[in-house]
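Descriptive analysis of the structure
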Amino acid sequence: MSVWSVIVAAGKGERFGSYKPLLKIGDRYMLEYSVETISNNKRIEGIVVVCLSSYIQTIRELLKKYEKVKYVIPGGQFRQDSVRKGVLKVPENIEFVMVHDAARPFVSEDIIERAINAAMEKGSCVVCLGVNDTVKRVENNLIKETLDRNSIFLAQTPQIFRRQDLICAFENATAKRLVFTDESSLMEFQGFYPYMIPGDKTNIKITYPDDLLLAKSFLKESLDLGLSEKENYEDSKAKRERNYFIGIGEDIHSFDKERPLYLGGVLIPFDKGLKGHSDADVLLHALIDALLGAAGMDDIGTLFPDTDPKYQGISSLTLLHNVSTIIYSKGFKIQNIDMVVFAEKPKIRPYKAEIISVISNVLSIDKTKINLKGKTAEGLGFVGKEEGIYAKAVVLLTKEG
Ligand code: CTP
Ligand code: MG
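Report on the accompanying structure. (Residues numbered from 1 in each chain as written. Chains lettered and ligands numbered in written order. Predicted model: local features only at pLDDT ≥ 70, side-chain atom pairs only at ≥ 80, totals over all residues. Heavy atoms only, no water.)

With that settled, consider the pattern of salt bridges. Across all of its chains, the model carries 16 salt bridges by this definition. The partner of K64 in a salt bridge is E61, with the nearest N and O atoms 2.5 Å apart. On the accessibility criterion, K64 (58% relative accessible area) is exposed. The partner of K122 in a salt bridge is E121, and the shortest N-O contact between them spans 3.9 Å. Judged by its relative accessible area of 44%, K122 is partly exposed. Salt bridges here are not isolated pairs; linked through shared partners, they connect R137, E139, K144 and E145. (Salt bridge = Lys/Arg side-chain N within 4 Å of Asp/Glu carboxyl O. Buried < 20%, exposed > 50% of the residue type's maximum accessible area, 1.4 Å probe, protein only.)

Following this line, the structure appears as C-alpha cells:
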C-alpha cells in the first residue's frame with residue numbers, strides 16, 4: 001500500500017488571531033511538529049503541504065530539510081478547497097492519502113501508525129475521540145435530550161482515504177456546491193462509512209490562544225517528565241552530535257531621575273530610572289549581548305544602533321524577542337541563562353520571580369533554565385555610590401551537528 005500525506009495549513013487563524021502554522025511552540029514552529037512526526041513514518045512516501053500563499057517562500061525554506069515534503073502549494077477559501085488542491089498533487093499511482101491539519105501539532109507516531117494499519121485493512125480510517133462528559137442536545141438554551149455518549153465521537157485528523165475516492169467525492173461536492181468540514185463528512189455524504197479508530201487527547205487542535213497554553217503544557221510535560229515519544233525524539237536528538245556555545249554580556253547604565261526603571265522587562269517601583277536610548281533595561285541588554293555573543297553575532301549596539309530613531313524608547317523585550325527569533329532560526333537552543341544585577345538599590349529579590357517569568361515567556365523556554373541574582377557593591381565604585389546599575393549575563397546555547 002502506498003501512502004502520501006496532505007498537511008493543510010492554509011487557514012487564516014482568525015479565531016486565534018494570527019497565522020498558526022508559523023507560531024512558535026517551544027523552539028519550533030507549529031507546522032514542523034506534524035511534518036516531522038509524519039515524515040518519521042516509514043510508509044509515508046511523500047508529503048504535500050498546503051499553506052497560505054503569502055507564506056509559501058518562508059515555509060518552503062523552513063521545510064526544505066524534510067526530504068519527504070515534495071510540494072508546498074497555496075490553499076483555497078475553505079479547508080475542503082485546500083485539501084482538494086493537496087490531494088490533486090498526490091501522484092496517480094499512490095493508493096491512499098492521509099489528510100492532517102497542521103493545527104494539530106501533537107499527533108503521535110503511534111496514532112499515525114495505527115491509522116495507516118487500519119486504512120490498509122478497512123479501506124479508510126478516521127481518528128476520533130470518545131467523549132467522557134454526558135452529552136446533551138440543546139435548542140434555544142433548553143436541554144431537549146441526553147444522547148448516548150457511547151455512540152458519540154469527535155473527529156480529529158489524520159483521516160485516510162483512497163486518493164481516487166477522495167477525488168470523486170470532491171468533484172461531486174464541488175458540482176453541488178457543498179462544503180464539508182472534514183473528509184469523513186464528505187465521504188459520508190457519498191454513502192461511504194469510514195472506519196473509526198480511537199485517538200488521543202493530546203492530539204488537540206489549536207483554535208484559540210488558550211489552546212496554545214494547553215499545547216505548551218503538553219510539550220513541557222513530555223519534555224520535563226520524559227513521557228512518550230517526545231522523550232524518544234529528544235533522546236534520539238541527543239544522540240546526534242551536540243555543539244555547545246557559551247556567551248557573555250555586560251551592560252552599565254547611569255541613573256536618570258526623570259525615567260522609569262525597567263529591569264528584566266519588569267517596571268520596578270523606584271525613585272529613578274536609567275538613562276538610555278531605548279527603555280535602558282540594563283539587564284535585558286546584558287542578556288541580549290550574551291545570546292548574540294554565543295551565536296557568534298555582532299553586539300546589541302551594532303544590531304540596534306542608538307542613532308536609529310526607530311529604537312527610541314523601544315521596549316528591550318521587543319529587542320530580546322527579535323534576537324531570540326534570529327538565534328532560533330539559526331538552529332540554536334537555549335540551555336540555560338545565569339544573570340547578575342549589581343545595584344545598591346533597589347533590591348532585586350522581590351522582582352526575581354516576575355523577571356524570570358517574563359523572560360521565559362519571551363524566549364519560550366522553561367523558567368527552570370533561567371537564574372537571576374542581585375548583588376550590592378558595599379558602597380564601592382559607581383554602583384556603591386548609587387550612580388548606576390551594572391548587569392551581567394551568561395548563556396549556554398546548543399546546536400545539533
Ligand atoms: N485550513 C486550510 N485552508 C482553509 C481553512 C483551513 O488549509 N481555507 C486548515 C488550517 O490551516 C488548519 C485546519 O485546516 O490546519 C483546520 O482549520 P482551523 O483550525 O479552522 O484553522 P484556521 O482556518 O486557520 O482558523 P480560523 O477558522 O479561526 O480562521
Ligand atoms: Mg477555519
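Bringing the packing of aromatic side chains into the picture now. In the structure shown here, the tally under the stated rule is nine aromatic pairs. Relative to Y55, the ring of Y19 has its centre 4.4 Å away and its plane inclined at 0°; by these criteria the two rings are stacked. Separated by 36 residues along the polypeptide, Y19 in the loop between strand 1 (3-9) and strand 2 (24-25) and Y55 in the loop between strand 4 (44-51) and helix 2 (56-63) bring together distant segments of the chain. Classification of Y55 by relative accessible area gives partly exposed; the value is 30%. When the centroid spacing of 5.3 Å and the interplanar angle of 80° are considered together, the rings of F304 and Y311 count as edge-to-face. Like Y311, F304 is buried. One Lys or Arg, K24, reaches over the ring of Y29 and ends 4.9 Å from the middle of that ring. Over the aromatic face of Y33 sits the side chain of R28, whose NZ or CZ is 4.2 Å from the ring centroid. (Phe/Tyr/Trp six-rings, centres within 6.5 Å; stacked < 30°, edge-to-face > 60°. Helix = DSSP H or I, 4+ residues; strand = E, 2+ residues; numbered from the N terminus. Lys NZ or Arg CZ within 6 Å of the ring centre and 35° of its normal.)

This next bit is on the pairing of strand 12 (residues 242-256). Of the pairings in the sheet, the one linking strand 12 to strand 18 (residues 388-400) comprises 13 bridges and is antiparallel in character. Looking at strand 18, one finds that R242 is bridged to E400. Direction of pairing for strand 12 relative to strand 15 (residues 273-274): antiparallel, over a ladder of two bridges. Within strand 15, the position partnered with F255 by the bridge is L274. (Pairing = 2+ DSSP bridges.)

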